[in-house]
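# Examining the three-dimensional arrangement
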Amino acid sequence: MLPGDLKPEQFTGYPPKARKLVLAHLGTLQQLPLSFVPSLLRELIDYDFKFPAERTSIDHELAAIGALSPAQLKEWFQAFSQLSLSVKLENFDWVNQPAQFVEQLSAHLWTTHQLNEFREAAIAYGNRTRAVAPSEPAAIPQLGIAVIGQGVQSYDQPLFRNLRKYGTYFKQVKPENGIELLMAAVEARAKAHHVAYGHWYVDGGQPADHSPSLSCVSFQKLEPVRAALLKNIQAEIARPGMGPEELRTHMARLSPADLGITGKGDEVMNRFQVKLLTEGSGTQIFSTTFAQWTAREVLRRAQPLTLFVRFAPRQRQRPMNELMAGGDSNPELDPAGSLIDADMGAYYQWINQQRLLGSERSSFLVWFEGHNQALAIGPSLPRGTESNSALDLQQLLSLAAG
């Protein structure tokens, strides 16, 4: 089947909002090439479970395509139309399984030496949609916070080396009540500027007390889900013919109910948490990896006003078979190694924050938990400097925000 053959009844399996959106733009979809449409449907089929920022982006993209004249449509998608696809791909159920189609498409493009052409077409398309889609700055400047080194009594190596050239390194921070002060500041922002999924708290361990106004994801709180996933993976690996690609496809199809998340709850958050564990490498096992990957996905998908990430000690490295087996209720922790991981994780968090619209107004703070070292980045702070000012964390946040 080709896109020109699409009919409304073929989308009865889509969730309500996704089905309504597809049908509203069905005429446009029918004019697009098969090498492109499933990639768009992969996003549309999950529309009901996406964050507001993602839905807005999809709405703008569809509006931009729908406003094109026939000549413009031909120009935009000519490079996609020139790609040669197999009969097998044409006969695939790409309407109901767009993600699986995209996987097979990638393999086909690779083996037929068309991957570069597809990549160039995709880049050109992305540039065009960004040029015509409206961009709205955040209501307030974004704030990112990373707390690293939980459980480390002393550390004599330099910290924040990758970030120092972008901000001010503070050597005399007052650590008393640091977590409470940071949490209070984050909660105050959430109260003053209420936005759905706009203010986040990510914890690599057991979460501290926090306001329900924050969207919270915690490694420890997801322990039953992680255990269910590892058990599921072990069962699949034991099946004959199960390879890495087949396992990845299987994991991509898992739903919250498959991993024991039942009840109504927040379906958007439930789906998001499952994707963190099924799409991230090592997020099921290592708390530092979980915190780092979650921060990346929150920034990429939810585009929050506030993101507070607290890293916690991860378990020590062991043979992968032992780690995958799980069942160890008291794993040996590696606080010092976790500090090194988290220091790099904070750097990645800042990099991903810089990709958001309006990042030139944003601020960022990383603190060595329980100690007097911190680094702050903000529009009014000098870069590549050090300070001996004795400030508490609340004062340091105010200074970073300017």
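Our subject is the structure that appears above.
A short tour of the structure in this document, coming up. (Residues numbered from 1 in each chain as written. Predicted model: local features only at pLDDT ≥ 70, side-chain atom pairs only at ≥ 80, totals over all residues. Heavy atoms only, no water.)

### Structural notes on the overall build of the protein chain
- Of the regular secondary structure elements, the protein chain holds 16 helices and eight strands.
- The C-alpha atoms of the protein chain give a radius of gyration of 23 Å, which matches the 21 Å a tight globule of 402 residues would have.
- Taken along its principal axes, the extent of the C-alpha atoms in the protein chain is 70 × 50 × 40 Å.
- In the protein chain, which comprises 402 residues, the share counted as buried stands at 49%.
- If you sum the accessible surface of the protein chain, you get close to 19800 Å²; carbon and sulfur atoms cover 50% of it. (Helix = DSSP H or I, 4+ residues; strand = E, 2+ residues; numbered from the N terminus. Rg over C-alpha atoms; globule rule 2.2 N^0.38 Å. Buried < 20%, exposed > 50% of the residue type's maximum accessible area, 1.4 Å probe, protein only. Areas by Shrake-Rupley, 256 points an atom, 1.4 Å probe, with all protein chains shown as cover.)

### Considerations on the sheet that holds strand E4 (residues 215-218)
- Strand order in the open sheet made by the eight strands is E4-E3-E5-E1-E6-E7-E2-E8, with mixed pairing throughout. Every interior strand has two partners, whereas the edge strands, E4 and strand E8 (385-387), have only one. Across the sheet, the axes of successive neighbouring strands diverge by a mean angle of 15 degrees, strand direction being ignored.
- Relative to strand E5 (residues 306-310), strand E3 (residues 199-203) runs parallel, the two sharing five bridges. Bridge pairing in E5 links His199 to Thr306.
- The sheet contacts of helix H16 (residues 393-401) involve strand E1 (143-148), strand E2 (168-170), strand E6 (363-368) and strand E7 (374-377), and relative to E6 the element is tilted by about 150 degrees. (Pairing = 2+ DSSP bridges. Axes fitted to C-alpha atoms, helices over the stretch in contact; angles between N-to-C directions. Contact = heavy atoms within 4.5 Å.)

### Some details on the environment of Leu109
- Residue placement: Leu109 occurs in helix H7 (residues 98-111).
- Each C-alpha atom of the pair Leu109 and Ser84 lies 8.6 Å from the other, and the pair is 25 residues apart in sequence.
- Those residues in contact with Leu109, other than ones at most four positions away along the chain, are Leu83, Gln114, Leu115 and Phe118.

### Digging into the pairing of E7
- Burial along E7 is two-sided: the residues Ala374 and Ala376 and Leu375 and Ile377 are all buried.
- The pairing of E2 with E7 spans three bridges and is classified as antiparallel. Looking at the pairing, Thr168 lines up with Ala376 of E7.
- Of the pairings in the sheet, the one linking E6 to E7 comprises four bridges and is antiparallel in character.

### Side note on the packing of aromatic side chains
- As enumerated under the stated definition, the model contains 18 aromatic pairs in all.
- A cation over a ring is seen here: Arg271 above Phe49, with NZ or CZ 3.9 Å from the ring centre. (Phe/Tyr/Trp six-rings, centres within 6.5 Å; stacked < 30°, edge-to-face > 60°. Lys NZ or Arg CZ within 6 Å of the ring centre and 35° of its normal.)

### Thoughts on the pattern of salt bridges
- Evaluated as defined, the whole model comprises 15 salt bridges.
- Ionic pairing is found between Glu386 and Lys171, a salt bridge with its closest N-O pair at 3.2 Å. Highlighted residues: Glu386 in strand E8 and Lys171 in the loop between E2 and helix H9 (178-192), separated in sequence by 215 residues. (Salt bridge = Lys/Arg side-chain N within 4 Å of Asp/Glu carboxyl O.)

### Some points on the packing of helix H13 (residues 287-302) against helix H15 (residues 335-353)
- Relative to each other, H13 and H15 sit at 5 degrees, their axes nearing to 9 Å. One finds that H13 runs roughly parallel with respect to H15. Residue-level contacts link Thr288, Gln292, Ala295, Arg296 and Leu299 of H13 to Ser338, Asp341, Gly345, Tyr348, Gln349, Asn352 and Gln353 of H15.
- Considering only residue class, the contact of H13 with H15 consists of three nonpolar, seven polar and two charged. (Parallel < 35°, antiparallel > 145°, perpendicular 65-115°, else oblique. Nonpolar A, V, L, I, M, F, W, Y, C, P; charged D, E, K, R; others polar.)

### So, the nonpolar core
- Counting 49 residues, the largest nonpolar core has Trp200 and Val366 as its most contacted members.
- In this structure Trp200 touches Phe51, Ser215, Val217, Met269, Phe272, Val298, Ala302, Pro304, Thr306, Leu307 and Phe308, once residues within four positions along its chain are discounted.
- In terms of nonpolar packing, the next biggest core, distinct from the first, is built from 37 residues, Leu73, Leu85, Phe92 and Leu105 among them. (Core = buried A, V, L, I, M, F, W, Y, C linked by side-chain atoms within 4.5 Å.)

### Describing the side chain of Gln349
- Assignment of secondary structure puts Gln349 in helix H15.
- One polar contact links the side chain of Gln349 to the main-chain carbonyl oxygen of Ile145, over a distance of 3.3 Å.
- When neighbours within four sequence positions are excluded, Gln349 is seen to be in contact with Gly144, Ile145, Ala146, Ala295, Leu299, Leu307, Val309 and Phe364. (Polar contact = N/O pair within 3.5 Å; in protein donor to acceptor, adjacent residues only side chain to side chain.)

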